[in-house]
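# Examination of the molecular architecture
What follows is each chain in one-letter form.
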Amino acid sequence: PHQFSGGQRQRIGIARGLALNPEIIVADEPVSALDVSVQAQVVNLLDRLQAEFNLSYVFIAHDLSIVRHISDRVGVMYLGRFVEIGTDAEIYDHPTHPYTQALLSAVPVPDPAAREFRERIILHGDVPSPANPPSGCRFRTRCWKAQKRCELEVPLLAVPAAFLDADSPARHASACHFAEEKRVVPPEGTLDAVPGEGGQEDAAGRAAEAAQATERPGPADRDEGPPPPSGSSRAV
Ligand code: SF4
């Protein structure tokens, strides 16, 4: 087997997985350590097999663009726990958990105009040991919104109270006491220049407006005052 290439080994692994005629395949990092063209081949193969054999995948990966491409539902994990679950559009376009927002802000944006309106969130500190996780919210040691309540209470993975009655894609499960919708990159398509309407400059303005329009005011149940100044733990 050591003489096979990485892509060949992945295909062999997929063939072995299919041998028992499964309904579900758990694919743990199936495209990591492959070069981009081979990644595309493996993802296309998985797509084709899914349609042909009516398969479901549990797809575990760190590459957010591939996760979005292949997934119908996305779960974001931090330190061994789910922190946010929703459809791909809910998670990517309307994230409400600070960790998801920080992850998405790290995705490279190829369009220079869109990049200008991307809010980069830098997390400080190291990931704590899963053997000795922080009390309360596991993300609190790196979260710029952490307050006393985060130390004392484990946030449940559920639709936050602030969104229970909302008719919005932000209404999905998020394990945060202070969940707020925040779009960190402009929505797709808002930067397309429209002939006769001011071109790229106006398009960039529309993108900024669209990004601002998705930010909701703070949750009504926030009861411990405003979060600390963002400059102390976040660089934009
Ligand atoms: S519960 Fe608190 S520490 Fe955890 S993600 Fe939400 S604001 Fe941050």
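Going by the structure above, here's the rest.
Below or above, wherever it landed, is the structure these notes cover. Remember, it's a predicted structure, so these values are computed and weren't measured experimentally.

We now examine the pairing of strand 4 (residues 81-87). The two faces of the sheet receive side chains in turn, since in a regular strand these alternate between them. Where strand 3 (residues 73-78) and strand 4 come together, 6 bridges link them in antiparallel fashion. Following the sheet pairing, V76 is matched in strand 4 by E84. In textbook terms, the turn of a hairpin is the stretch between consecutive antiparallel strands, and for strand 3 and strand 4 this stretch comprises 2 residues, one of which, L79, has a positive phi near 50°. As paired elements, strand 4 and strand 5 (residues 173-174) share 2 bridges and run antiparallel to each other. Its bridge partner lying in strand 5, I85 is registered against A173.

On to the pattern of salt bridges, then. Following the criterion strictly, the structure yields 6 salt bridges and no others. Notably, a salt bridge pairs E52 with R48, separated by 3.6 Å at the nearest N-O pair. In this pair, E52 and R48 are both assigned in helix 2 (residues 36-53), 4 residues apart and thus about one turn of the helix distant. The salt bridge involving R149 is made with E153; its shortest N-O contact spans 3.6 Å. What makes R149 buried here is its relative accessible area of 18%.

Tallying each qualifying case throughout the model produces 1 cavity of 30 Å³ or more. Size it by volume and the largest cavity reaches roughly 90 Å³. In terms of residue class, the lining of the largest cavity is built from 10 nonpolar, 2 polar and 2 charged.

Now for the sheet that holds strand 5. Spatial ordering of the open sheet is given by 3-4-5, a layout of 3 strands whose pairing is antiparallel. Of all strands in the sheet, those bounded by a partner on one side alone are strand 3 and strand 5. Running at roughly 100° to strand 3, helix 5 (residues 98-105) makes contact with strand 3 and strand 4 of the sheet.

To continue, consider the environment of S5. Mapped onto the fold, S5 is located in the segment before helix 1 (6-18). When the C-alpha atoms of S5 and L34 are compared, they prove to be 9.4 Å apart, with 29 residues separating the residues in sequence.

What follows covers the layout of surface pockets. Empty space among the atoms can be located by rolling a probe the size of a water molecule over them. Roughly 830 Å³ of volume is contained in the largest pocket. Surrounding the largest pocket, 27 residues form its lining, F59, I60, A61, V67 and G75 being those nearest its centre. Every element with two or more residues in the lining of the largest pocket is listed here: strand 2 (56-60), helix 3 (64-70), strand 3, strand 4, helix 4 (88-93) and helix 5. Taken together, the residues of the lining of the largest pocket sort by class into 18 nonpolar, 6 polar and 3 charged. Residue-level mapping places the lining of the largest pocket at the junction of two domains, with at least three residues from each of domain 1 (1-70) and domain 2 (72-232).

Conventions and cut-offs
Residues numbered from 1 in each chain as written. Predicted model: local features only at pLDDT ≥ 70, side-chain atom pairs only at ≥ 80, totals over all residues. Heavy atoms only, no water. Pairing = 2+ DSSP bridges. Helix = DSSP H or I, 4+ residues; strand = E, 2+ residues; numbered from the N terminus. Salt bridge = Lys/Arg side-chain N within 4 Å of Asp/Glu carboxyl O. Buried < 20%, exposed > 50% of the residue type's maximum accessible area, 1.4 Å probe, protein only. 1 Å grid on protein atoms, 1.4 Å probe; cavity = no way out; pocket = protein on both sides within 12 Å on 5 of 7 lines; lining within 4 Å. Points joined across faces, edges and corners; volume = space filled by probe spheres on them. Nonpolar A, V, L, I, M, F, W, Y, C, P; charged D, E, K, R; others polar. Contact = heavy atoms within 4.5 Å. Axes fitted to C-alpha atoms, helices over the stretch in contact; angles between N-to-C directions. Domains from an automatic or database assignment.

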